[in-house]
Amino acid sequence: MGLKNKKNIEDPEEPLVASQSTEPEIGHLSPSNKETITVTLHGATNLPACKDGSEPWPYVVVKSTSEEKNNQSSKAVTSVTSEPTRAPIWGDTVNVEIQAEDAGQEDVILKVVDNRKKQELLSYKIPIKYLRVLHPYHFELVKPTQSGKADEATAKTQLYATVVRKSSCIPHYIGCNHTALEIFLRGVNEPLANNPNPMVVIARVVPNYKEFKVSQANRDLASVGLPITPLSFPIPSVMNFDEPCISQNGCPQLSKPGGPPEQPLWNQSFLFQARDGATNFSEDTALVLEYYSSTSMKGSQPWTLDQPLGISVLPLKSCLYQKMLTGKGLDGLHVEQLPIMDTTLKTINGEAPTVDLSFQLLSSERPENFLTPNNSKALPTLDPKILDEKLGTIQESWSKDTVSSTMDLSTSMPREAEEEPLVPETSRNTEMNNYRRAMQKMAEDILSLQRQASILEGENRILRSRLAQQEEEEEQGKASEAQNMVSMKQKLLLSELDMKILRDRVQHLQNELIRKNDREKELLLLYQAQQPQAALLKQYQGKLQKMKALEETVQHQEKVIEKMERVLEDRLQDRSKPPPPNRQQGKPYTGFPVLSASGLPLGSTGENLPVELYSVLLAENVKLRMELDKNCHQPAPIILQQQALPDLLSGTSEKFNLLAKLERAQSRILSLESQLEDSARRWGREKQDLAMRLQEQEKGFRHPSNSIIIEQPSALTHSTDLKQPSNLEPLLPSSDTKLNKPSNPQKETVNSQQT
């Protein structure tokens, strides 16, 4: 397959060649202070096509989010398929290492990339913090959705993978004496005659084999084949990764394909935790191995395995547990011939095939020795002759290679030897040899114990010296601690004094703040009380300005009246003079016509009337001048000072009295303003009439005596047309009235002024 040498910027990782091995080294733990995420990529179905519509040539890149963020290339890359396909089969296992302290924030990213175009076809992100340590998860990953709707091209795409999170130690659970059970499966012992394909094995430890058989008979999906957990994206919660503590179907683990088909060989180790009940040996617990053909994993549903080729069952009873504890160095057993039952497979000899496996119990959280093809041979060998499907009694016999070791154990465990008889001896010599060997073994044990005792004494001496050093260091530390305590007490006293000073300062500032707040409240109340007084003061000032303007108007009107009086007096003097001698008899004097109150000249019949009329007018003018003087000399309204207002308004009665006086003053001012306006209008009319008469007199216009009588009705009609008669003009007497009768408008004016 022609791999491209040019690397893509986004995905610089190149796929592995098909012949290159992707097997990780045998081991179930990660390096110290690190965690390892082991991902086995089984295959995929319905992969999307490339952007140009061509068939993809896929491989998978696995990396962490920190590597993705820093654009680091990942070494966890699978091999590329032999040809372009949308349903690839990989079967490769890759590892991703991260720091242990970053496991809570890191995610593992799975990318499916096209080999030719270097295009990313799919991408999945799994949070590492949701994965339980050393628990195998078999996932069916569904394409991530976008805005709640899946892409039509990838709506049916599934990626099948097994994910295992490994730490630097095996978790130790409370109530369990051991941490895990390790099963090492070597392979089939005899060549097979009718097996055309490699085989895969599903191993599980079930707590109750009888119930497991019933669920298998009922075709329960969790007990048949490899149960797959669907995982859709985005992941909603941690509940998708939740697993029960002890499952009826156990925690199945899948092996790699074993070949060649004639005699499959796996050499694979399975680790079952104590949390899953794998270390609880009882009458019903059993190890179940199911064998499947690797071709059964291909097709439209590749991980729904078909009928198994066979099954092997190893009962994990309490007596088997006791035998496991009698080994040297490792608490385990080796089974050379575990039969494969319920199978059509036959060996070349026509017998049922058997498998070779070993198992041991692990008590440490960080075990140093896991089972390998070499050290598994050192375990005591168990050769089961009869194994019933319903977990009958196990009949054991030790092989010839392990007879001596079992005899040595029989001396120390007589009860166990009675329960399970060994192979009978035929001669006394062999018995003596066995006793000699036992004595030799005991001597070796005594020597080893003495060596161990000497080693322990040396260790004790070292520990005692270390303890003495620690005691000296502790004494020095206590002295330094005492000094530190004294200095700390001094600092504490100083800090308490500082705190007291600060408290007093804070108290003083609080009191000052309270006084300032009270002063601010008083000023605010005083300001609020002065607001209406300021408004009244402004109003009074406006009234004063109006009064000044009225006084100026009145003074101007007085000047006008004085001028008019002087003119009238001059006219009266001219009138009182005797007429000239050249005056024609029967004609009136043309120098100054006799004027009526309306400005009309009088006839000869009323020559004595003008003197009386003018006297009346003069009397009215005197009265009006007296009233004006009285109004001018009236005292102005008293305006109180702004500072004394709050004291005068302390009582409600005084306030009401002042308000009443203010209203009366305002009404008085309004009446005076109206009277001044009316008098100004009348004076203006009178001035205009007098000016017109003077002009007529100067021009020489005279009216005959008979015309005065004729025009009297017109003057009367003119006077009646006015809405209100003038205060300065008395009404002219008609034929029914007299001239010396006082006019009514004067009385009305006086009454209005008194009110």
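Residues numbered from 1 in each chain as written. Predicted model: local features only at pLDDT ≥ 70, side-chain atom pairs only at ≥ 80, totals over all residues. Heavy atoms only, no water.

*Asks:* What is the right way to look at the overall build of the protein chain in this model?
*Replies:* Of the regular secondary structure elements, the protein chain holds 12 helices and 17 strands. Buried residues in the protein chain amount to 36% of all 755 residues. In the protein chain, the proportion of contacts linking residues at least 24 apart, taken out of those at least 6 apart, comes to 75%. For the protein chain, the accessible surface area stands at approximately 46100 Å², while carbon and sulfur atoms represent 53% of it. (Helix = DSSP H or I, 4+ residues; strand = E, 2+ residues; numbered from the N terminus. Buried < 20%, exposed > 50% of the residue type's maximum accessible area, 1.4 Å probe, protein only. Contact = heavy atoms within 4.5 Å. Areas by Shrake-Rupley, 256 points an atom, 1.4 Å probe, with all protein chains shown as cover.)

*Asks:* Explain a positive patch on the surface here, please?
*Replies:* There is a patch of like positive charges on the surface, built from Lys559, Lys563, Arg566 and Lys687. In terms of residue count, helix α6 (residues 428-576) provides more of the positive patch than any other element does, 3 residues in total. Following the sequence through the fold, lysine 687 ends up in helix α9 (residues 652-699). Of the residues examined, lysine 687 reaches a relative accessible area of 48% and is grouped as partly exposed. (Patch = residues over 30% accessible without salt bridge, like charges linked within 9 Å, V, L, I, M, F, W, Y side chains within 5 Å. Salt bridge = Lys/Arg side-chain N within 4 Å of Asp/Glu carboxyl O. Lys, Arg positive; Asp, Glu negative; His and termini not counted. Charge placed at Lys NZ, Arg CZ, Asp CG, Glu CD.)

*Asks:* Hey, could you run me through the sheet that holds strand β11 (residues 253-254) in this one?
*Replies:* For sheets, the rule is that strands pair by backbone hydrogen bonds, running either parallel or antiparallel. As summarised here, the arrangement of the 4 strands in space is β11-β9-β13-β14, forming an open sheet in which the pairing is antiparallel. Two strands bound the open sheet, and with one partner strand each, they are β11 and β14 (310-315). As defined by bridge partners, strand β13 (residues 286-293) adjoins β14 across 6 bridges and the pair is classed as antiparallel. Residue pairing across strands places alanine 286 opposite proline 315, the latter belonging to β14. (Pairing = 2+ DSSP bridges.)

*Asks:* So what exactly am I meant to see when it comes to helix α2 (residues 209-217) here?
*Replies:* In an α-helix, one turn spans 3.6 residues; hence positions three or four apart end up facing the same way. Burial in α2 covers these residues: Tyr209, Phe212, Ser215 and Gln216. Looking straight down α2, one finds its buried side chains confined to an arc of 120°; they lie on one side. Exposed side of α2, more than 90 degrees from the buried face: Lys210 and Ala217 are the residues found there. The elements touched by buried residues of α2 are β9 (199-206), β13 and β14. Immediately beyond the C-terminal end of α2, within one or two residues, lies arginine 219, with a positive phi of roughly 60°. (Arc of directions from axis to C-beta.)

*Asks:* Would you take a moment to explain the sheet that holds strand β1 (residues 34-45) for this structure?
*Replies:* Pairing is mixed across the open sheet formed by 5 strands, whose spatial order is β3-β1-β7-β6-β10. Every interior strand has two partners, whereas the edge strands, β3 (89-99) and β10 (229-231), have only one. With strand direction ignored, the average angle separating the axes of adjacent strands in the sheet is 30°. Where strand β6 (residues 137-142) lies against β10, 3 bridges are found, and the strand directions are parallel. Bridge pairing links glutamate 140 to proline 230 in β10. (Axes fitted to C-alpha atoms, helices over the stretch in contact; angles between N-to-C directions.)

*Asks:* Is there a simple way to think about the nonpolar core in this case?
*Replies:* Side chains of a nonpolar character, in soluble globular proteins, are inclined to be buried together. Leu41, Val62 and Leu110 are the most contacted members of the largest nonpolar core, which has 32 residues in total. Elements represented by at least two residues in this core include exactly β1, β2 (58-64), β3, β4 (107-114), β5 (120-127), β6 and β7 (158-166). Ignoring sequence-local partners within four residues, the contact set of leucine 41 consists of Val60, Val62, Thr78, Trp90, Gly91, Asp92, Val94, Leu110, Leu159, Tyr160 and Ala161. Counting 31 residues, the second largest nonpolar core, distinct from the first, contains Leu185, Leu333, Leu345 and Phe359. (Core = buried A, V, L, I, M, F, W, Y, C linked by side-chain atoms within 4.5 Å.)

*Asks:* I would appreciate a short explanation of a negative patch on the surface in the present structure.
*Replies:* Together, Glu471, Glu472, Glu473, Glu474 and Glu475 make up a region of like negative charge exposed at the surface. By relative accessible area, glutamate 472 is classed as exposed at 51%.

*Asks:* Is there a simple way to explain the packing of aromatic side chains in this structure?
*Replies:* The way to describe two aromatic rings as a pair is by their centre distance and the angle between their planes. In total, this model carries 8 aromatic pairs according to the counting rule given. The interplanar angle of 45° and the centroid separation of 5.5 Å between the aromatic rings of tyrosine 130 and phenylalanine 241 together place this pair among those described as tilted. Of this pair, tyrosine 130 sits in the loop between β5 and β6 while phenylalanine 241 sits in the loop between β10 and β11, and the two are 111 residues apart along the sequence. Judged by its relative accessible area of 26%, tyrosine 130 falls in the partly exposed class. Relative to phenylalanine 241, the ring of phenylalanine 139 lies with its centre 5.7 Å away and its plane at 90°, an arrangement referred to as edge-to-face. Here phenylalanine 139, found in strand β6, pairs with phenylalanine 241, found in the loop between β10 and β11; they are 102 residues apart in sequence, far enough to count as distant. The pair formed by phenylalanine 139 and phenylalanine 241 is uniform in burial state, with each residue classed as buried. (Phe/Tyr/Trp six-rings, centres within 6.5 Å; stacked < 30°, edge-to-face > 60°.)

*Asks:* Would you mind showing me how to read the pattern of salt bridges here?
*Replies:* Should their charged atoms come close, side chains of opposite charge can pair. Applying the stated rule across the entire model yields 16 salt bridges. When the shortest N-O distance is used, the salt bridge between glutamate 97 and lysine 34 registers 3.7 Å. Here glutamate 97 is found in strand β3, whereas its partner lysine 34 is found in strand β1, with 63 residues between them in sequence. What makes glutamate 97 partly exposed here is its relative accessible area of 41%. In this structure lysine 34 comes out as partly exposed when scored by relative accessible area, which is 29%. Ionic pairing is found between glutamate 120 and lysine 111, a salt bridge with its closest N-O pair at 3.8 Å. Residue class for glutamate 120 comes out partly exposed when judged on its relative accessible area of 39%. Residues joined in a network through salt bridges with shared partners are Lys63, Glu68, Lys111 and Glu120.

*Asks:* Got a minute to help me understand the pairing of strand β15 (residues 332-339) in this structure?
*Replies:* Side-chain direction in a regular strand flips from residue to residue, so the side chains alternate between the two faces of the sheet. Direction of pairing for β15 relative to strand β16 (residues 354-362): antiparallel, over a ladder of 6 bridges. Paired with histidine 334 across the bridge in β16 is serine 358. Bridging between β15 and strand β17 (residues 381-382) involves 2 bridges; their strand directions are parallel. Following the sheet pairing, valine 335 is matched in β17 by leucine 382.

*Asks:* Help me understand the pairing of strand β12 (residues 265-273), please; the structure alone is not making it clear to me.
*Replies:* A large share of β12 lies buried, amounting to 7 of its 9 residues. Relative to β12, strand β8 (residues 180-188) runs antiparallel, the two sharing 7 bridges. Residue pairing in the sheet places glycine 187 in a bridge with leucine 265 of β12.

*Asks:* Help me understand unusual backbone geometry in this model?
*Replies:* Leaving glycine aside, a negative phi is the common case for residues, and trans is the common case for peptide bonds. A cis amide bond links glycine 259 with the next residue in sequence, proline 260, at an omega value of 5°. Tracing the chain through its elements places proline 260 in the loop between β11 and β12. A positive phi angle, near 60°, is found at leucine 134, a position not held by glycine. Tracing the chain through its elements places leucine 134 in the loop between β5 and β6. Unusually for a residue other than glycine, aspartate 342 sits at a positive phi of about 50°. Residue placement: aspartate 342 occurs in the loop between β15 and β16. Look at aspartate 342 and you get partly exposed, because its relative accessible area is 49%.

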